[in-house]
Every structure is written in C-alpha cells, then in structure tokens.
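Single-letter residue listing:
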Amino acid sequence: MQINISARHGHLSASTQERITEKVEKLSRYFDRLTAILVTVDLERREAPVVEIQVSVEHSEALVAAEQSAEVLSALDGVLHKIEQQIRRHKDKRTERRKPPIKHLEVPAESEPEAE
C-alpha cells in the first residue's frame, strides 16, 4: 500500500507527517485490498485546516472524505472515522453479494397436524 502526504498553502513538520502516516496505515486492517492512500492537508486557513483522504481500492472507484477542524490532527481523526465507515460499507457490499442459490436453500419441513 502506497501512502502519499501533501500540503497545500504551507508545509507540515516531519513529526506531523509521521503521526499522519501511523494513523493512516491502520486503515488496511479494515480491508486488505487498499492500493493507495493520498492525504492532502489544506493550510490556506490556519485557524481551520482541511484534511482530505482519498483511498484507492482494487476494482472500484476511489473513496474520498474531508474534514475541517481547529487543528490538523483533530481534523485527521474526524476524516479517518468517515473514511473508515466508507471502507466498511464497501467491504460489506462486496462480501454480501455472494448468497447461496435458491435451489440449495433448505425448505423447512411442514408440521403435520396433530392427531387428537
């Protein structure tokens, strides 16, 4: 899995980039078919930075989420929660498709009327 971190209108310190990388790497626990993660931090408004995460998934379109908060790391926590929910929904859709065919379903036996 490839992780790219970029900043707009400023730059991030090395320690902030490491913390972002540590938190983003945990997304692979939810779905193993993630190919790339792009984290973009927009520092245009210093009092409310915007963090956007774009996750590329095999054989599917990219999942995208954004969050704005007072600090970069709190915005990161919010956007991680959003993208985590999207990954879980995507995985559920992929795994719920395979249902057993109707001919293999067991039909419950009809109960016979009791003799009195």
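Residues numbered from 1 in each chain as written. Predicted model: local features only at pLDDT ≥ 70, side-chain atom pairs only at ≥ 80, totals over all residues. Heavy atoms only, no water.

**Quick word on unusual backbone geometry**
Note: most peptide bonds trans; most residues except glycine with negative phi. For the record, the criterion: Strands here mean DSSP runs of E at least two residues long; helices mean DSSP runs of H or I at least four residues long; both are numbered from the N terminus. Throughout, exposure labels follow a simple rule: accessible area from a 1.4 Å probe, protein chains only, divided by the maximum for the residue type, with under 20% read as buried, over 50% as exposed, and the rest as partly exposed.
One non-glycine residue, H9, lies in the positive phi region at around 60°. With respect to the element layout, H9 can be found in the loop between β1 (2-8) and α1 (14-25). Given a relative accessible area of 52%, H9 falls into the exposed group. The backbone of H59 shows a phi angle near 60°, a positive value even though the residue is not glycine. Relative accessible area serves as the criterion here: at 67%, H59 is assigned to the exposed category.

**Let's talk about the pattern of salt bridges**
Note the threshold: We count a salt bridge whenever a side-chain nitrogen from Lys or Arg sits within 4 Å of a carboxyl oxygen from Asp or Glu.
All told, the structure shown has five salt bridges when counted by the stated rule. In this structure, K23 engages D77 in a salt bridge whose closest nitrogen and oxygen atoms are separated by 2.7 Å. With K23 in helix α1 and D77 in helix α2 (residues 72-96), this residue pair connects regions lying 54 residues apart in the sequence. Among the ionic pairs, E84 bridges to R88, the shortest N-O distance being 3.4 Å. Of this pair, E84 and R88 both sit in helix α2, four residues apart, which is roughly one turn of that helix.

**Topic: α2**
Rule in force here: In this scheme, a helix's expected span is set at 1.5 Å multiplied by one less than its residue total. Only heavy atoms enter the contact rule, under which two residues are in contact if any of them lie within 4.5 Å.
The end-to-end C-alpha separation of α2 is 36 Å, in line with the 36 Å expected for 25 residues at 1.5 Å each. Buried within α2 we find V72, A75, L76, V79, L80, I83, E84, Q86, I87 and H90. Each element contacted by the buried residues of α2 is listed here: α1, β2 (34-42), β3 (50-57) and β4 (63-68).

**Thoughts on the sheet that holds β2**
Hydrogen bonds between backbone atoms are what pair the strands of a sheet, whose relative direction is either parallel or antiparallel. Formally: DSSP calls a pair of strands paired once it identifies at least 2 bridges connecting them. Simply put, an axis is a line fit to the C-alpha atoms, just over the touching stretch for a helix, and the angle between two N-to-C directions goes from 0 to 180 degrees.
Here four strands make up an open sheet; going across it, the order is β1-β2-β3-β4 and the pairing mixed. The open sheet is flanked by β1 and β4, the only strands paired with a single partner. Adjacent strand axes in the sheet meet at a mean angle of 15° when their direction is disregarded. Of the pairings in the sheet, the one linking β1 to β2 comprises seven bridges and is parallel in character. Within the sheet, the bridge partner assigned to Q2 lies in β2 and is A36. Contacts between α2 and the sheet are confined to β2, β3 and β4, with β4 contributing the most and set at about 150° to the helix.

**Details of the nonpolar core**
We count it as follows: Among the buried residues, those of types Ala, Val, Leu, Ile, Met, Phe, Trp, Tyr and Cys that are joined through side-chain atoms within 4.5 Å form a nonpolar core.
Ranked by internal contacts, the top residues of the largest apolar core, which has 24 residues, are L27, I53, V55 and I83. Put simply, the parts of the chain that give this core at least two residues each are α1, β2, β3, β4 and α2. The element contributing the most residues to this core is α2, with seven residues. Sequence-distant contacts of I53, that is, excluding residues within four places in its chain, are made with I37, L38, V39, L63, V64, A65, L76, V79, L80 and I83.

**Observations regarding the packing of α1 against α2**
The following threshold applies: Just so you know how the angles are binned, under 35 degrees is roughly parallel, over 145 roughly antiparallel, 65 to 115 roughly perpendicular, and the rest oblique. Definitions for this section: a left-handed crossing has its near helix turned counterclockwise from the far helix by less than a right angle. A right-handed crossing has that turn clockwise. For this classification, Asp, Glu, Lys and Arg are treated as charged, while Ala, Val, Leu, Ile, Met, Phe, Trp, Tyr, Cys and Pro are nonpolar and the rest, including Gly, are polar.
At a minimum axis distance of 11 Å, the contact between α1 and α2 shows a crossing angle of 15°. Classified by the angle between their axes, α1 and α2 sit roughly parallel to one another. Viewed along their axes, α1 and α2 form a crossing whose handedness is right-handed. From α1, T16, R19, I20, K23 and V24 reach across to α2, where they touch V72, L73, L76, D77 and L80. Of the residues that constitute the contact of α1 with α2, the class distribution is six nonpolar, one polar and three charged.

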